[in-house]
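# Residue-level structure breakdown
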Amino acid sequence: MALSLLLCFTGFRMVRKWISLISFVAGAFFGYSAASAAGLQETYWFLPLLVAIGAGIFVSLVGYRLFQVGLFVFCGAVSSWAVTAHVLPPVLSGVHGSAGYYIQIVLQAAVFLIGGILAVKFTRTAIILISSIGGARIASSGLAALVPLYFPDTGRTLTVFAGLALCGIVFQFLTTRKN
């Protein structure tokens, strides 16, 4: 629960640090694996370690760009799903081959692109919203499971969730820079 509150209130500040760390570890792992598979340790035992460090640094440097690609795909997919599930009328979801089916596919693709582009253009806002809402959701569910006596119904859990999310969003917008 502590990690979810940390995510809720410091998600934007922590995202670059986590991206750098995870990218370095992944790059080092794949660099070491590739160097070992190439048999570099047979000549000098330290060559796989040097390759691992170099690959880790390289992947860490390009990690934020890879993150933006992931942000584009994630936000585009969520936007497309939300519009399909909650906005598009059931009339459009016709059978395969009908006009409504093709209109739905075009609308889903357009919403996917728009959602992804907006998320990348407004990365700070997207990360703050996603981390605050996600952290608040996990924290409120954890709190309800931890002390069920104080959460007899889902109404209180939703109230705590909304309060935490709002506080997290406001706090992150007030305490982070725009760049």
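Going by the structure above, here's the rest.
Here is a short report on the structure shown in this document. (Residues numbered from 1 in each chain as written. Predicted model: local features only at pLDDT ≥ 70, side-chain atom pairs only at ≥ 80, totals over all residues. Heavy atoms only, no water.)

Right, let's talk about the nonpolar core for a bit. Nonpolar side chains tend to gather and get buried jointly when the protein is soluble and globular. Membership of the largest hydrophobic core is limited to 6 residues, which are F12, V15, I19, Y64, I127 and I128. If you list the elements that add at least two residues to this core, you get α1 (2–37) and α4 (123–146). The dominant element in this core, judged by the number of residues it contributes, is α1, at 3 residues. In contact with V15, other than residues within four places in its own chain, are F67 and I127. Judged by nonpolar contacts, the second largest core, of 5 residues, contains C8, A136, L164 and A165. (Core = buried A, V, L, I, M, F, W, Y, C linked by side-chain atoms within 4.5 Å. Buried < 20%, exposed > 50% of the residue type's maximum accessible area, 1.4 Å probe, protein only. Helix = DSSP H or I, 4+ residues; strand = E, 2+ residues; numbered from the N terminus. Contact = heavy atoms within 4.5 Å.)

A few words now on the packing of α1 against α4. Contact pair α1 / α4: the axes reach a minimum separation of 7 Å and the direction vectors enclose 160°. On the basis of their axis angle, the class for α1 and α4 is roughly antiparallel. The element α1 and its partner α4 pack so that their crossing is right-handed. Taken together, the residues of α4 that come into contact with α1 (itself represented by S4, L5, L7, C8, G11, F12 and V15) are R124, I127, I128, S131, S132, G134, G135, A136, I138 and A139. When its residues are assigned to classes, the contact of α1 with α4 shows 10 nonpolar, 6 polar and 1 charged. (Axes fitted to C-alpha atoms, helices over the stretch in contact; angles between N-to-C directions. Parallel < 35°, antiparallel > 145°, perpendicular 65-115°, else oblique. Left-handed = near helix turned anticlockwise from the far one by under 90°. Nonpolar A, V, L, I, M, F, W, Y, C, P; charged D, E, K, R; others polar.)

By themselves these figures say nothing about function.
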